[in-house]
Amino acid sequence: MTSAAPHSELPTRPARHRAYADVPDAQWSDWRWQMRSRVTRLQPLAALIDLTEDERRGIEGRRDAFGFAITPYYLSLIGPPGCPVRRQAIPHVDELRTTPWDLVDPLAEDEHAVTPILTHRYPDRALLYVTHNCPVYCRHCTRQRKVGDVDSAPARDMFEASYDYLARTPAVRDVLISGGDPLSLSDARLAEICGRLRAIPSIEVVRLCTRNPVTLPQRITPALVDALRPFHPVFVHTHFNHPAECTPEAGEALVRLADAGFNVGNQMVLLRGINDDAATVETLNRWLVRHRCRPYYMLQCDPVGGTAHLRTPVAAGVDILDAMRGRVSGLAIPQLVVDLPGGGGKVTLTPQRLVRREGAKRVYRDVQGREYTYVDEPL
Ligand code: SF4
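Treat the numbers as computed from the prediction; the structure is a model and nothing was measured.

Calculation notes
- Residues numbered from 1 in each chain as written.
- Predicted model: local features only at pLDDT ≥ 70, side-chain atom pairs only at ≥ 80, totals over all residues.
- Heavy atoms only, no water.
- Pairing = 2+ DSSP bridges.
- Helix = DSSP H or I, 4+ residues; strand = E, 2+ residues; numbered from the N terminus.
- Axes fitted to C-alpha atoms, helices over the stretch in contact; angles between N-to-C directions.
- Near = heavy atom within 4 Å.
- Nonpolar A, V, L, I, M, F, W, Y, C, P; charged D, E, K, R; others polar.
- Salt bridge = Lys/Arg side-chain N within 4 Å of Asp/Glu carboxyl O.
- Buried < 20%, exposed > 50% of the residue type's maximum accessible area, 1.4 Å probe, protein only.
- Phe/Tyr/Trp six-rings, centres within 6.5 Å; stacked < 30°, edge-to-face > 60°.
- Lys NZ or Arg CZ within 6 Å of the ring centre and 35° of its normal.
- Polar contact = N/O pair within 3.5 Å; in protein donor to acceptor, adjacent residues only side chain to side chain.
- Contact = heavy atoms within 4.5 Å.
- Disulfide = S-S within 2.5 Å.
- Left-handed = near helix turned anticlockwise from the far one by under 90°.
- Parallel < 35°, antiparallel > 145°, perpendicular 65-115°, else oblique.

A.B. asks: How should the sheet that holds strand S12 (residues 361-365) be read in this particular structure?
C.D. replies: Paired through their backbone hydrogen bonds, the strands of a sheet run either parallel or antiparallel. With antiparallel pairing, the three strands of this open sheet are ordered in space as S11-S12-S13. Whereas interior strands pair on both sides, the edge strands pair on one side only; in this sheet they are strand S11 (354-358) and strand S13 (371-375). Ignoring strand direction, the axes of neighbouring strands in this sheet form an average angle of 25 degrees. Pairing between S12 and S13: five bridges, direction antiparallel. Counted as the bridge partner of Tyr364 is Tyr372 from S13.

This is the structure we're talking about:
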């Protein structure tokens, strides 16, 4: 029941769902209209998408714990059941399945909170939650405990306490502005937050963690980049997961950020049946590089409750890297990372290429399995 393009190739122009065909272009391109027009309840969604019984049960079963929201733009990319966009946006009954290893806060962010909205876990970095709101509630979200809870919305005094802490803690040089999706806030509010952070002399870098280029690329306006440009260096971490999300609008958003001097990187999450194969990752990453966005991380999905059906074996990511290395430009190859549950931090995984050691000799295999020797004997 949708007008989305097939996902076997990159979308040329995202076809709007027929329900939005008469929306004037100026309105369609207005991010506030997109936010106001999000679909957030079962009946309106069922009028737009031919839902399966498993999706209906997922929506009902997850309504209180982690509801859904979908912008008209992202909804227009949704294809038939199994579609990678659909699986990221529409709850499924499989979200009700649990495992003994599921966690509410897998990265122990709350345990390391120094204010209600600031986590300080690594010596030189801190994470500031500025909103619980997002254009789309991704079904694999690690922070669904916060984004699904309207009571977790940050208050002004929490910001002040966080700025005070950062000013008193010069070891922190790098602040990640996250949420929720920070770009849910207005330009003025974002500029105010960036300005307060950059006014702290010890803070060298600000990072914006946002999925808006994927779920609401209309948000990346000339006014937004003008408002944030004075606070460089600002790094943007976005989160594309599949080539079906690589629309011309999304590409324009990335290029606009790059043109304005933002250093843009992508953190994809490995998701079972969505992007856990080398061909999909290669297509996605080649597109990202063409749009000046560096594939940065390929993350193992965190063991947050409701995501067991989306998690891949750890070996899947290693196999993808193994298939890409040597064949695909290193620019398009991200680091494979597992964020250790309980707050242990990130570990990177790589394919094992060392075959054996023979004295000072190290024998490695290449992508075809051929062996080569490197003599590890500097003068
Ligand atoms: S945009 Fe980010 S914070 Fe919001 S639901 Fe998606 S993954 Fe979670």
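Structure's up, so let's keep going.
A.B. asks: When you look at the site of the ligand in this model, what are you seeing that I'm missing?
C.D. replies: If you check the shell around the ligand, you find Cys134, Val136, Tyr137, Cys138, Cys141, Val147, Gly180 and Arg211 and nothing else. When its residues are assigned to classes, the shell around the ligand shows six nonpolar, one polar and one charged.

A.B. asks: So what exactly am I meant to see when it comes to the pattern of salt bridges here?
C.D. replies: It is possible for side chains of opposite charge to pair when their charged atoms get near one another. With the rule as written, the count across this model stands at 32 salt bridges. Taking the shortest distance from any N to any O, the salt bridge between Arg196 and Glu160 comes out at 2.9 Å. Remark: Glu160 occurs in helix H8 (residues 156-168) and Arg196 occurs in helix H9 (residues 187-198); sequence separation between them is 36 residues. For Arg196, a relative accessible area of 32% translates into the label partly exposed. Taken together, the shared-partner salt bridges in this structure form one network comprising Asp105, Glu109, Asp110, Arg143, Arg145 and Lys146.

A.B. asks: Quick question: what am I supposed to make of the packing of aromatic side chains here?
C.D. replies: In this description, an aromatic ring pair is defined by two values, namely the gap between the centres and the angle between the planes. Within this structure, the stated rule accounts for seven aromatic pairs. Plain terms: the ring middles of Phe159 and Tyr163 are 6.2 Å apart, the flat faces sit at 45 degrees to each other, and that makes the pair tilted. You can see Phe159 and its partner Tyr163 sitting in helix H8, four residues apart, about one turn around the helix. Tyr163 sits in the buried class, given a relative accessible area of 4%. Taken together, a centroid distance of 4.1 Å and an interplanar angle of 20 degrees make the contact between Tyr296 and Tyr297 stacked. One aromatic cluster is present, formed by Tyr20, Trp28 and Trp33 through successive ring pairs. It is Lys146 that lies over the ring of Tyr129; its NZ or CZ is 4.4 Å from the centre. The positively charged end of Arg189 is found above the aromatic ring belonging to Phe159, 4.5 Å away from the centroid.

A.B. asks: Where do I start with the side chain of Thr142 in this structure?
C.D. replies: The residue Thr142 is located in the loop between strand S3 (125-129) and helix H7 (144-147) in this model. Polar side-chain contacts of Thr142 include one of 2.7 Å to the side chain of Asp302. Dropping the residues within four chain positions of it, Thr142 is found in contact with Val104, Pro106, Leu107, Asp302 and Val304.

A.B. asks: What's the story with the state of the cysteines in this structure? I'm lost.
C.D. replies: Formally, a disulfide is one covalent bond, and it connects the sulfur atom of one cysteine to the sulfur atom of another. Within the structure shown, the criterion is met by zero disulfides. This cysteine, Cys83, is not joined by any disulfide, and Cys246 carries the nearest cysteine sulfur, 13 Å off.

A.B. asks: Please clarify how the packing of helix H13 (residues 278-290) against helix H14 (residues 314-324) should be interpreted in this entry.
C.D. replies: At a closest axis distance of 9 Å, the pairing of H13 and H14 adopts a crossing angle of 65 degrees. By crossing handedness, the relation of H13 to H14 is classed as right-handed. Across the interface between the two elements, Ala278, Val281, Glu282 and Asn285 from H13 touch Ile320, Ala323 and Met324 from H14. Residues of the contact of H13 with H14, tallied by class, amount to five nonpolar, one polar and one charged.

A.B. asks: Looking at this model, I keep getting lost on the packing of H8 against H9. Mind explaining?
C.D. replies: Describing two packed helices takes the angle between their axes plus the distance from one axis to the other. Where H8 contacts H9, the axes come no closer than 10 Å and their chain directions differ by 25 degrees. Taken together, the axes of H8 and H9 lie roughly parallel to each other. Here Arg156, Phe159, Glu160, Tyr163 and Leu166 of H8 come into contact with H9, specifically with Arg189, Glu192, Ile193, Arg196 and Leu197. When its residues are assigned to classes, the contact of H8 with H9 shows five nonpolar, no polar and five charged.

Taken by themselves, the reported measurements are silent on function.
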